[in-house]
Amino acid sequence: LWRALFDKRLHAFHVIRRTLQYAFEQVVGSSPVAYLRGLRLNAVRRDLVTGDTSTVHDAAARQGFWSLSQFASDYRSLFGERPSETLARARRPQ
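Everything quoted here is computed from the prediction, not taken from an experiment.

> Is there a simple way to think about the packing of helix H3 (residues 32-50) against helix H5 (residues 68-79) in this case?
The geometry of a pair of packed helices is captured by two quantities: the angle between their axes and the separation between those axes. It is at 11 Å that the axes of H3 and H5 come closest, and there the two elements cross at 85 degrees. With respect to each other, H3 and H5 are oriented roughly perpendicular. From H3, Arg37, Leu41, Asn42, Val44, Arg45 and Leu48 reach across to H5, where they touch Phe71, Asp74, Tyr75, Leu78 and Phe79. Taken together, the residues that form the contact of H3 with H5 break down as seven nonpolar, one polar and three charged.

Laid out in structure tokens, this is it:
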């Protein structure tokens, strides 16, 4: 449904999808998909740091990450640690 609405907007403004993607990349510095992935990874990190989740799997699934190995790889690339390390640190008594 959202894709159909998006395509109608592109048509209304006489813009093709690729032009919009290039403009997004020029302004933001990454592709729309990479940007959204970053937002989702940050949401998972927020849940792990604040203790709003009991497991890494739950936090990842809540943000739509279904391949845990890919999620863990992306998480480590962005934050420099495994998601389990983030959760463990949040659980340590201060």
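So that's the structure; there's more coming.
> It is not clear to me how the pattern of salt bridges should be interpreted in this structure. Could you clarify?
Any two side chains of opposite charge can pair if their charged atoms end up close together. Counting across every chain of the model gives five salt bridges. Salt-bridge contacts for Arg37 lead to Asp74; the nearest nitrogen and oxygen are separated by 3.8 Å. One end of the pair, Arg37, is in helix H3; the other, Asp74, is in helix H5, and 37 residues separate them in sequence. What makes Arg37 partly exposed here is its relative accessible area of 31%.

> Before we go on, may I ask you to explain helix H6 (residues 83-91) in this structure?
Note that an α-helix has 3.6 residues per turn; residues three or four places apart therefore point the same way. Among the residues of H6, Pro83, Thr86 and Leu87 are the ones counted as buried. Buried residues along H6 cover an arc of 95 degrees about the axis, so they all sit on one side. As for H6, its buried residues are in contact with H3, helix H4 (56-62) and H5.

> I would appreciate a short explanation of the side chain of Asp47 in the present structure.
Of note, Asp47 is situated in helix H3. Exposure remark for Asp47: the relative accessible area of 14% places this residue in the buried category. With residues up to four places along the chain from it excluded, the contact list for Asp47 reads Asp52, Thr53, Ala59 and Arg62.

> Teacher, can you tell me more about a nonpolar patch on the surface here?
On the surface, Val27, Val28, Tyr35, Leu36 and Leu39 cluster together to form a nonpolar patch covering roughly 470 Å² of accessible area. For the nonpolar patch, the secondary structure elements donating two or more residues are helix H2 (17-28) and H3. Broken down by element, the nonpolar patch gets its largest block of residues, three residues, from H3. Note on placement: Leu36 falls in helix H3.

About the thresholds
Residues numbered from 1 in each chain as written. Predicted model: local features only at pLDDT ≥ 70, side-chain atom pairs only at ≥ 80, totals over all residues. Heavy atoms only, no water. Axes fitted to C-alpha atoms, helices over the stretch in contact; angles between N-to-C directions. Helix = DSSP H or I, 4+ residues; strand = E, 2+ residues; numbered from the N terminus. Parallel < 35°, antiparallel > 145°, perpendicular 65-115°, else oblique. Contact = heavy atoms within 4.5 Å. Nonpolar A, V, L, I, M, F, W, Y, C, P; charged D, E, K, R; others polar. Salt bridge = Lys/Arg side-chain N within 4 Å of Asp/Glu carboxyl O. Buried < 20%, exposed > 50% of the residue type's maximum accessible area, 1.4 Å probe, protein only. Arc of directions from axis to C-beta. Patch = residues over 30% accessible without salt bridge, like charges linked within 9 Å, V, L, I, M, F, W, Y side chains within 5 Å. Areas by Shrake-Rupley, 256 points an atom, 1.4 Å probe, with all protein chains shown as cover.

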